[in-house]
Every structure is written in C-alpha cells, then in structure tokens.
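Next come the chains, spelled out residue by residue.
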Amino acid sequence: MSNDAATGTPTLDGPQQEPPAHGLGASLLPADARAKTEGTFPYAADLWAEGLLWAAILRSPHPHARIVSIDTAAAAEMPGVRAVVTHEDVPGDSAYGRRIADRPVFASDVVRHHGEAIAAVAADHPDTARLAAAAIAVEYEVLDPVTDPEKAFAAEPLHPDGNLIRHIPLRYGDPDITGEIVVEGLYRIGRQDPAPIGAEAGLAVPRPDGGVEIYTASTDPHTDRDLAAACFGLDPDRVKVVVTGVPGATGDREDPGFQIPLGLLALRTGCPVKLAATREESFLGHAHRHPTLLRYRHHADAEGRLVKVEAQILLDAGAYADASSESLAAAVAFACGPYVVPHAFIEGWAVRTNNPPSGHVRGEGAMQVCAAYEGQMDKLAAKLGVEPAELRLRNVLATGDILPTSQTVTCPAPVAELLRSVRDFPLPPLPKDTPEAAWLLPGGPEGAGEPGAVRRGVGYALGMVHMLGAEGADEVSTATVKVHDGVATVICAAVETGQGFATLARQIVQETLGIEEVHVASVDTDQPPAGPAAHGRHTWVSGGAVERAAKMVRTQLLQPLAHKFGMSTELLQITDGKITSYDGVLSTTVTEAMDGKELWATAQCRPHPTEPLDASGQGDAFVGLAFCAIRAVVDVDIELGSVRVVEMAVAQDVGRVLNPAQLATRIEAGVTQGIGTALTENLRTTRGLVRRPDLTGYALPTSLDAPDIRIVKLVEERDVVAPFGAKPASAAPVVTSPAAVASAVRAATGRPISRLPIRPQAAVAAPPSGT
C-alpha cells in the first residue's frame, strides 16, 4: 500500500482491485459513526437516573503536605448535602493500584501531589456539591516537595515503599569496547497529558443486594471492578462496571480515583450519584506521560556502524507507581532503537516525586527513548559527514537480529524498506514568497516573522513499539458469537476506545460466516474479561477470540450439510451469504442452512508467553514488535524560533491491512499526537504545582496545526503468530513523529534540539562564528 501524491489517501500498490463491501479488507464504517457525528451518541456525562445526586471531590492545593486535621462538619450541615466521605469511610482497602496498590483512595496523613483526593461530597445539585467540598476545612503542614527526580534518590522517602520504584541495569556485550567515533547527549522529555476530548464522568447506582453498578468510560472494566470492590469491602460479583461511550482514549482512559469515590457515595447514600469532572480536575486527577531525563553515549566505527550504546534513563513517576515499571522496561529494552547494536549498557530508573502522577499513555517508554537515540544518530551523522538517512540504513535492524535484551527478532522487521520509502518520496514544494502565502509562514500571518528568516529542514526517525503486554503478562481474551435469524451478535468485553475493535469484530464475523448484519454487544463485567485496551491487544487477542468463536459457529453450520452430501466442511465455502461446494453441487444460503436454529460458540485467544527481564535486563519480554519510519519537513523562522510542520511522510509495518480507511485515520491521529509532543504539549509545574491545568494553558495541536500527512507505504508482511497477521497501528507513529520533527528542526537551525517540546529559543539559529 502506498499514498496518492495529490491527496495523501492510501492506495494499494500494483493492479487495482475493487475493495470488498464487507469483511476483512473493507473500509467498513463504525456502527456508531452517525450518532457520534450528529452529537446524539450517549457518553457517561449524559447519563441520568431517578433521584440522582451529584458528586464533587476535594483535592489538595499542595504538592506535599502533612494533614493535621480534616473537619467536614460545615460541609455536612449544608442544605442539600447527603454525604461526606474521607479516608475514615473507606470500608475495604485504603489504597489501590493496577500494578502496585500504593495510591490511597483519600489522603489520610500526607498528600503527595497537587490535586490528590482528600474527601468527596454527594449533594442534590452540582453547585451544592462543589460548595460543600470547598467548605471542608483541612489543616495542612506544608512540606518541601521533591520535584527533581535526580534528587529523589537521596531524599527522605515520600512513600512507605520508598522513592525507587524500579531499577533495570541492562548488560549486553563487552563493557570495555569503544568506537572510533563517540557522540554524547543529554535529553529531556516533558509531561504530556492524554487530554481526552471528554473529561472523566460516571454514574454509580446502588443495588438491592448491597452492591453497586458503576457506569463509566473504563478501558479495563474487570480490573477497575476488582480494584473498586476491594476498596468497598465487597466481593467482585457485587460490583458491576458498565462501559459507556468512550470519548477518546490514548491509554488508561478512566483512573479508578474517579470511580471509587463515586461508588462509595452511592453505597453511603443509597442513591444514584453522578460525577462529571471539570477539565481542571481531569488534568489534576489522571496520569500523564512520564517526564524523562536521558543521558546517551554512542560509539561507532569510522564507517558509522554502531559499536556500543551507553545510556542512563530516569523516569519521573510522580507520586505513585501506576504503570512506571512497565514503562521503564519498554524504555530500557528499546533504548538503542531499531538498530543493530553489538554492545549495550543501559541503566534505567523510575522514581517517586511530588510531581503529578505518571502512567500509561500511548507508546510509553518507547517514545522518550526514540527522541534521544534519534538525536544521537543525527549527531553521529553530522560528525561523520554522512547523510542522516544513509547512516541509519547502515545500522537498521532486520528479522533474525538480536535485541540488547538477547531476544531474537522473529517477526517481520522491514525497517530498511520503510526508511527507503520515506527517503525516496518526493519532497513538498517550497512556499512562494508572496503575501497570499503568508499564512504558510511559521507562526501564521500575525507571527511577525520575515520570509527571509525562514529555513526549511528535513529530518528522519525510526521507531519501534511492542505489541500486547510484556514481561510475563497473561494476555487472554474471551469472545462469544451468536447467530439467529440471519443476524450475528458478538459478545466480548474488549472496549471500543476509538481503535476500531467493534468494527473489526463485525468484519471478522462477516468474513467467516458470510453474514452482513453483525452487532457488537455493549461491554460490562458480567462478561468474561478481555483485558485492557492497550498495545494493539484487542486487534490481536480479542480479535483472535472472535475469529475462533466465529469459526466454531461456521463448523456447526456446515457440518450437517457436509454430512448430507458426503463431503468435508473444508470443501464448502461461504461467500456473500451463500454456501457453495467446490464442485457446485451444493448451493444454498446461510439463512436456509440455519433453518431457524440459533448457533453460538465461545472461544479464547492467548498468545505465546513472555518472561520478565532478569537482573541484567535480559529475557524474551515481548510477544512481537512493530516499526515505523517518518520523514518530517519543517519550516523554521530562525529569528523567532517558530516552527511549522509542512509534511510528515510515513511508512509503517502493519502486518496486514484490515480496514484501510480506519488504518489511515489511526496513523494520521498518531502522527498529530506526536507533533503535539514535539512542539506544544507540556503540562508545566512549578515546585510541583500544576500551572494552567486547562486547554488554554495546555496547548493541543488543532486541525490548523496538522500538516500534510503522506502515508507513503504500508508494508503488509504478516506476522505468522498473530491472528490475521496484523500489527498495532497508532502507537508506532506516536513514538516516531516527535523524533522526526526534532530531527528536521536540527537540520533547519543547526541547533542540537535536546528537549521536547521544542522551545522557541531552542529553534533560534546560532549566530555565525565571530559575530
């Protein structure tokens, strides 16, 4: 698959064929597309129940303080207030966490970050709830915050578990070997917020059996149910999580810190309770991308071939552990990038600070190191006087090579092909120096820039991500397929977060059973678990479970016919709702063959196991890998430091294209998110206090900031161990595009560009020597 040079629309290489109307390979529209575009699709913020109460959460104004006292009397006595809960009212576990249970439901003795929950209120009106939360009197003894992760090692413990969450010392090869050429660099990556289009919201409804149902935009409902049940002191079967429409997700969409107080208030009052977070509460409450400090030293021979990579990687986890251990594993394992490195010595740490909490955001760990190792490759190319793309081609990884973790790359790894594709794609034309084109200048027509100060830069980046969970994570999903009266229904707890699983499930059943009308049931925890929506796992694991269940139904459907005509089911095929035999003797419709029966089957999919990294960072920790190459073209005003991304040319290893339109959309969205990381997105803090936690202070790229995104090539080399052979689509461009933009700005300005997002002062070209 390649890209139409005029429109940027993906097109198939070779002879053109009419795409199928349905099934795998079709650009099937999502079933909810019309409702979402018309604004009639229901999200959690739209839910309502009879006798509804409203919740509000009191949050700490300090990043670090000791709680001397909490007085809720004034809040409880306000008219309309039905309940006030603090740490004393949590009947079960006082802390939660998806990996380590280290985060309190409500702070009791110490607050560890700005915005930490102290108490929650339920009232008959949202304004009353907010006023009551503000009326809770909390006496603090303010403490000095630890906000520099480098100082966390020697600081007093911020948590009973200590400040160090994980340390990974990767050792691979000969530590004493050196290269003829050595380049060093120090890189810093800022705190990116997932900034979902809809802030957190939910509705908790008490049940007659003393349990509770929570309606929310969870991306991992079974884990959320188990965490909430433990804090409520209830058995998991008395807590039900129902997934509502998910208004965007690039990681763990719904932090339990919003859900658990909501459920506690519903259990306390015996009434439905709704919470709709403000954008400020959303910024303060959920997890962000790990700010990261990276020190690198690359050794190469005189031809530019890598000899050794040394690195130190420090992740700022914020106050609690969350996904920091997994993020660190990805950062350390991919610290050398998709390059052959005979010797590697990487030290990685994740530490607690009093900064906002960090967690799972798309491409975690891999994005940070990609920005650093690609910066090193640019330095190495400049020192050797070699074209940046050529230097990369001399070192790229291929199938059969070995990662620094000693894991052999067994999946397709067409890295060289991807890089050549973007390198050889025609460059965009230069902008004309005319008043009509002033809006094309960096900063726009009001940017005060001069056309003569604009320099164009071209940069390259190669990125890699892992698929599914890692280090021994048990990846399993269960799905049921039912068929009755010519209509199929898929039941699977895989949450549709925008990645397209619900559409893929319909396509799989259409392909397997020849039934056009396929419905995907809504998700709740009464269904068997399917796991979190991350790392492309629902395409692989949940899609695999749907395929297996559909094939079992297919066998049930075809066996009576095969027996009647004395042939094997393998000699029958289903196409466009018709069943035919290889010799044409048998021809009937699926509806006739069903004869009013209801057929159903349930199946599981579990990929091959992985193992944790050992004490020296070695082990087969990943199920599979996906790769991406991007060429960025930017225009930079070298006097003002303003940057305009002109074009992003993308080539990606996708395994197999299952839905062309959906795939293109995912890649374009990933590239745009990465541009935000590169240029604008940084949740700024001052001594742990979040500055401007809103969408004015936090600058997201808009449609006006999005460049031309050219999908140059999609390599369809199927991974034989993956169902359908497909690979995840959106994480790889998120990881790769920030590094590509930084590389292009380096080319335009001659500046090192070692910090993301790129500050204007960093993009101002250095004055000529002697001035």
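Residues numbered from 1 in each chain as written. Predicted model: local features only at pLDDT ≥ 70, side-chain atom pairs only at ≥ 80, totals over all residues. Heavy atoms only, no water.

1. What to know about the environment of Val-409
- Here Val-409 shows up in the loop between α9 (388-393) and α10 (415-424).
- Look at Val-409 and you get buried, because its relative accessible area is 2%.
- Here the alpha-carbon distance between Val-409 and Leu-625, two residues 216 residues apart in the chain, equals 8.0 Å. (Helix = DSSP H or I, 4+ residues; strand = E, 2+ residues; numbered from the N terminus. Buried < 20%, exposed > 50% of the residue type's maximum accessible area, 1.4 Å probe, protein only.)

2. Some words on the sheet that holds strand β19 (residues 343-351)
- Across the sheet, 6 strands lie side by side as β11-β19-β18-β17-β12-β33; this open sheet has mixed pairing. Taken across any chain shown, the strands that pair with only one partner, and hence form the sheet edges, are β11 (164-172) and β33 (755-756).
- Looking at chain direction, strand β18 (residues 306-316) and β19 are connected through 9 bridges and run parallel. Each bridged residue has a counterpart across the sheet, and for Val-309 the counterpart in β19 is Ala-344.
- Across the face of the sheet, helix α8 (residues 366-384) comes into contact with β12 (181-189), β17 (292-300), β18 and β33 while running at roughly 145° to β12. (Pairing = 2+ DSSP bridges. Contact = heavy atoms within 4.5 Å. Axes fitted to C-alpha atoms, helices over the stretch in contact; angles between N-to-C directions.)

3. Topic: the side chain of Glu-213
- Along the chain, Glu-213 turns up in strand β14 (residues 212-216).
- Assessed through its relative accessible area of 16%, Glu-213 is described here as buried.
- Only 2.7 Å separates the side chain of Glu-213 from the side chain of Tyr-215, close enough to count as a polar contact.
- With residues up to four places along the chain from it excluded, the contact list for Glu-213 reads Leu-203, Ala-204, Val-205, Arg-207 and Lys-240. (Polar contact = N/O pair within 3.5 Å; in protein donor to acceptor, adjacent residues only side chain to side chain.)

4. Side note on the confidence of the model for the protein chain
- Chain-level pLDDT for the protein chain is 90 on average; 94% of the residues reach the 70-or-more range.
- For the stretch residues 1-16, pLDDT sits under 50, and the model shows 37 contacts to residues farther than four places along the chain or on other chains. (pLDDT = per-residue confidence, 0-100.)

5. With respect to the sheet that holds strand β26 (residues 587-589)
- If you walk across this open sheet you meet the 3 strands as β24-β25-β26, and the pairing is antiparallel. The open sheet is flanked by β24 (572-575) and β26, the only strands paired with a single partner. Between one strand axis and the next, the sheet turns through 25° on average, direction left out of account.
- Set on the sheet, helix α12 (residues 537-564) makes contact with β24, β25 (578-581) and β26; between it and β24 the angle comes to about 125°.

6. Considering the nonpolar core
- In terms of nonpolar packing, the biggest core is built from 110 residues, with Tyr-296 and Val-741 touching the most fellow members.
- In this view, Val-741 contacts Ala-632, Val-634, Val-645, Met-648, Ile-675, Ala-678, Leu-679 and Ile-758; residues no more than four positions away in its chain are not counted.
- One finds Ala-249, Val-553, Ile-574 and Leu-599 within the second-largest nonpolar core, a separate group that totals 54 residues. (Core = buried A, V, L, I, M, F, W, Y, C linked by side-chain atoms within 4.5 Å.)

7. A closer look at the packing of α8 against helix α15 (residues 731-749)
- Relative to each other, α8 and α15 sit at 30°, their axes nearing to 8 Å. Of the possible angle classes, the one that applies to α8 and α15 is roughly parallel. Of the two elements, α8 crosses α15, and the hand of that crossing is right-handed. Of the residues in α15, those in contact with Ala-366, Met-367, Cys-370, Ala-371, Glu-374, Gly-375 and Asp-378 of α8 are Val-734, Val-735, Thr-736, Pro-738, Ala-739, Ser-743 and Arg-746.
- The class makeup of the residues in the contact of α8 with α15 is 8 nonpolar, 3 polar and 3 charged. (Parallel < 35°, antiparallel > 145°, perpendicular 65-115°, else oblique. Left-handed = near helix turned anticlockwise from the far one by under 90°. Nonpolar A, V, L, I, M, F, W, Y, C, P; charged D, E, K, R; others polar.)

8. Quick word on the side chain of His-114
- Within the element layout of this structure, His-114 appears in the loop between β8 (110-111) and β9 (117-123).
- His-114 gets classed as buried once you look at its relative accessible area, which sits at 12%.
- Looking at His-114, its side chain comes within polar contact range of the main-chain nitrogen of Val-690, at 3.0 Å.
- When near neighbours in sequence (up to four residues on either side) are disregarded, His-114 contacts Ser-60, Pro-61, His-62, Pro-63, Leu-284, Gly-688, Leu-689 and Val-690.

9. Digging into the packing of helix α14 (residues 660-679) against α15
- Interaxial distance between α14 and α15 falls to 7 Å at its minimum, and their mutual angle equals 45°. One element, α14, and the other, α15, form an angle in the oblique class. Here α14 runs over α15; the crossing is right-handed. Residues Ile-667, Gly-670, Val-671, Gln-673, Gly-674, Ile-675, Thr-677, Ala-678 and Leu-679 of α14 form the contact with α15, whose participating residues are Pro-733, Val-734, Ser-737, Pro-738 and Val-741.
- Of the residues contributing to the contact of α14 with α15, the split by class is 9 nonpolar, 5 polar and no charged.

10. So, the pairing of β18
- The buried count for β18 comes to 9 of 11 residues, which makes it a mostly enclosed element.
- Looking at chain direction, β17 and β18 are connected through 9 bridges and run antiparallel. Each residue of the ladder has a partner; that of His-298, found in β18, is Val-309.
- Counting the residues between successive antiparallel strands, the hairpin from β17 to β18 contains 5 residues, one of them, Gly-304, with a positive phi of roughly 90°.

11. Considering the packing of aromatic side chains
- This structure, assessed with the given rule, holds 6 aromatic pairs.
- Ring centres of Phe-153 and Trp-349 lie 5.9 Å apart, and the angle between their planes is 85°; this geometry places the pair in the edge-to-face category. You can see Phe-153 sitting in the loop between β10 (137-142) and β11 and its partner Trp-349 sitting in strand β19, a full 196 residues away along the chain.
- What makes Phe-153 partly exposed here is its relative accessible area of 44%.
- Judged by centre distance (6.1 Å) and plane angle (85°), the ring pair of Tyr-339 and Tyr-373 falls under edge-to-face. With Tyr-339 in the loop between α7 (324-333) and β19 and Tyr-373 in helix α8, this residue pair connects regions lying 34 residues apart in the sequence. Of the two residues, Tyr-339 and Tyr-373, both sit in the buried class.
- Sitting over the face of the ring of Phe-41, Lys-36 holds its NZ or CZ atom 4.9 Å from the ring centroid. (Phe/Tyr/Trp six-rings, centres within 6.5 Å; stacked < 30°, edge-to-face > 60°. Lys NZ or Arg CZ within 6 Å of the ring centre and 35° of its normal.)

12. Notes on the environment of Pro-145
- On the secondary structure map, Pro-145 appears in the loop between β10 and β11.
- On the basis of relative accessible area, Pro-145 is assigned to the buried category, the value being 14%.
- Each C-alpha atom, one on Pro-145 and one on Ile-508, is 52 Å from the other, the two residues being 363 residues apart in sequence.
- If we skip the residues at most four places from it in the chain, Pro-145 touches Pro-63, His-64, Asn-354 and Arg-687.

13. Things to note about the environment of Leu-284
- Relative to the assigned elements, Leu-284 resides in helix α6 (residues 279-285).
- A relative accessible area of 6% means that Leu-284 is categorised as buried.
- Note: C-alpha distance between Leu-284 and Gly-318 (34 residues apart in sequence) is 12 Å.
- Filtering out sequence-adjacent residues up to four positions away, Leu-284 remains in contact with His-113, His-114, Gly-115, Val-690 and Pro-693.

14. Here we look at empty space enclosed by the protein
- Counting across every chain of the model gives 7 cavities of 30 Å³ or more.
- Roughly 520 Å³ of internal volume is contained in the largest cavity.
- If you go around the largest cavity, you meet 33 residues; those closest to its centre are Gln-499, Thr-539, Arg-666, Ala-729 and Ser-730. (1 Å grid on protein atoms, 1.4 Å probe; cavity = no way out; pocket = protein on both sides within 12 Å on 5 of 7 lines; lining within 4 Å. Points joined across faces, edges and corners; volume = space filled by probe spheres on them.)

15. Overview of the pairing of β14
- Within β14, 4 of the 5 residues are buried, leaving the element largely enclosed by the surrounding structure.
- For strand β13 (residues 201-206) and β14, the ladder comprises 5 bridges, and the chain directions are antiparallel. Looking at the pairing, Gly-202 lines up with Thr-216 of β14.
- Taken together, β14, helix α4 (residues 221-232) and strand β15 (residues 239-243) form a β-α-β motif whose crossover is right-handed. (Right-handed = clockwise from strand over helix to strand, strands pointing away.)

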